[in-house]
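Examining the three-dimensional arrangement
Each chain is listed here by its residues.
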Amino acid sequence: MACAAYVLLLLNWSFWTYLSNSVSITGLFTGLFAFSLPLIAFTLLYTFFSLLAWGRACKPVLAILLLTAAAADYFMYRYGIVIDKDMVRNVVQTNPAEAWDLLTADAILRVGVLGLLPVVLLFKSGLRRESFWQESKRRLKGLGLCLLVCVLCVGATYKEYIVFGRNHKRVAKMLNPLNSVFAAADYAKRQFAAPKTFARIDENVRLAPFADSDVMVFILIVGETARAENFSLNGYARDTNPKLAEQDIVNFPDVTSAGTFTAFSVPAIFSPLSRK
């Protein structure tokens, strides 16, 4: 219970920031709704930790969850991202050079203080030894109390939950470390379900050279992480493209990427299919 409370309060800055900007208290029911959100989040975390952390595996499991939550919360808060299967794909497919660029002093300090230090304290602390049935009984009592409070709050403000859930689907991907664990599971499921054999899409493809004898070579340079809105060629205030401006180039200001992450947007460049 203490671990769930710590993670909720200190390792979910993005979650709290989003809620503070999205929830307005204008009356009794909206006040109850705002009051119930932390209870719902705590119940989810407490249930999740209670199901995973048992016996001798308790400390290692909690340590992994603490470090995962600390790292995820830093990057979510620093870069304004959410953790989903696409973000997990980016992590898996990134190279050491890109990963090294993200290991700033700020990241190491924050993950070390909020993640590694609690892990050290966790392993130095003693856990109360109970039988399986005693521990199960105690956890069920805690879960029952949390669920009872949540049912009462949600039952009184179900309309607010319906509206909020419909308009703020992003928040479901912001609660650490549930988002990371479920996103990783979703990514693994899709990877195992994907066909592993090479399939030819078109058997009738053939090389059709131009009528003239000149050889034409296309060189495609993909500038990842470049945003069109930050190009001085497109009117951005700072001179961000001094070298390109010196060249005889054609600029396409209205072209957008098919996605915001590498694993989707780059392959889409070479595909004849639409974004959908």
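What you are looking at is a predicted structure, and each value in this text was computed from that prediction instead of being measured. (Residues numbered from 1 in each chain as written. Predicted model: local features only at pLDDT ≥ 70, side-chain atom pairs only at ≥ 80, totals over all residues. Heavy atoms only, no water.)

1. Looking at the overall build of the protein
When you go through the protein residue by residue, the secondary structure sums to 12 helices and zero strands. Put simply, the protein runs from its N terminus to its C terminus through helices and strands in the order α-α-α-α-α-α-α-α-α-α-α-α. Judged by the C-alpha coordinates and their principal axes, the protein covers about 85 × 50 × 40 Å. A separation threshold of at least 6 residues defines the contact pool for the protein, and within that pool the share at least 24 residues apart is 78%. Per element, the accessible surface of the protein, about 19,900 Å² overall, is 65% carbon and sulfur. The distance from the centre of the 28 positive side-chain charges to the centre of the 20 negative ones in the protein is 17 Å. (Helix = DSSP H or I, 4+ residues; strand = E, 2+ residues; numbered from the N terminus. Contact = heavy atoms within 4.5 Å. Areas by Shrake-Rupley, 256 points an atom, 1.4 Å probe, with all protein chains shown as cover. Lys, Arg positive; Asp, Glu negative; His and termini not counted. Charge placed at Lys NZ, Arg CZ, Asp CG, Glu CD.)

2. A closer look at the pattern of salt bridges
Within the structure shown, the criterion is met by four salt bridges. For Lys173, the salt bridge identified is with Asp84, shortest N-O distance 3.7 Å. Residue Lys173 is located in the loop between helix 9 (158-167) and helix 10 (178-193), and its partner Asp84 is located in the loop between helix 4 (58-79) and helix 5 (85-93); the two are separated by 89 residues in the primary sequence. Classification of Asp84 by relative accessible area gives buried; the value is 16%. (Salt bridge = Lys/Arg side-chain N within 4 Å of Asp/Glu carboxyl O. Buried < 20%, exposed > 50% of the residue type's maximum accessible area, 1.4 Å probe, protein only.)

3. Thoughts on unusual backbone geometry
Put simply, Asn176 and Pro177 share a cis peptide bond, and its omega is -10°. Assignment of secondary structure puts Pro177 in the loop between helix 9 and helix 10.

4. Notes on the side chain of Ser265
Relative to the helices and strands, Ser265 resides in helix 12 (residues 262-269). Not counting residues up to four positions away in its chain, the partners in contact with Ser265 are Ser257 and Gly259.

5. Here we look at helix 7 (residues 105-124)
In this model helix 7 runs 26 Å from its N-terminal to its C-terminal C-alpha over 20 residues, within 8% of the 28 Å that 1.5 Å per residue would give. For helix 7, the principal kink sits at Gly112 and spans about 40°. Within the span of helix 7, buried status applies to Ala107, Arg110, Val111, Leu114, Gly115, Pro118, Val119 and Leu122. In the core, the buried residues of helix 7 are packed alongside helix 1 (2-10), helix 2 (13-22), helix 4 and helix 6 (96-102). (Expected span 1.5 Å × (residues − 1). Bend = angle between axes of the 7 residues up to and from the residue.)

6. Let's talk about helix 2
Of the residues making up helix 2, those classed as buried are Ser14, Phe15, Tyr18 and Leu19. Seen from one end, helix 2 has its buried residues packed into an arc of 130°, which puts them on one side. Turned more than 90 degrees off the buried face of helix 2, the exposed positions are Ser20 and Asn21. (Arc of directions from axis to C-beta.)

7. Observations concerning the side chain of Thr43
Relative to the helices and strands, Thr43 is located in helix 3 (residues 28-52). Note on Thr43: relative accessible area 5%, which makes it buried. If near-sequence neighbours (up to four positions away) are discounted, Thr43 is found in contact with Cys146, Leu147 and Cys150.

8. A closer look at the confidence of the model for the protein
Considering every residue of the protein, the mean pLDDT works out to 81; 94% of them sit at 70 or more. Per-element mean pLDDT across the protein ranges from 75 in helix 6 up to 89 in helix 11 (residues 242-245). (pLDDT = per-residue confidence, 0-100.)

9. Quick notes on a nonpolar patch on the surface
Nonpolar side chains collect at one region of the surface, where Leu9, Leu10, Trp13 and Tyr77 lie side by side and expose about 410 Å² of accessible area between them. Assignment of secondary structure puts Trp13 in helix 2. Using a relative accessible area of 39% as the deciding quantity, one classes Trp13 as partly exposed. (Patch = residues over 30% accessible without salt bridge, like charges linked within 9 Å, V, L, I, M, F, W, Y side chains within 5 Å.)

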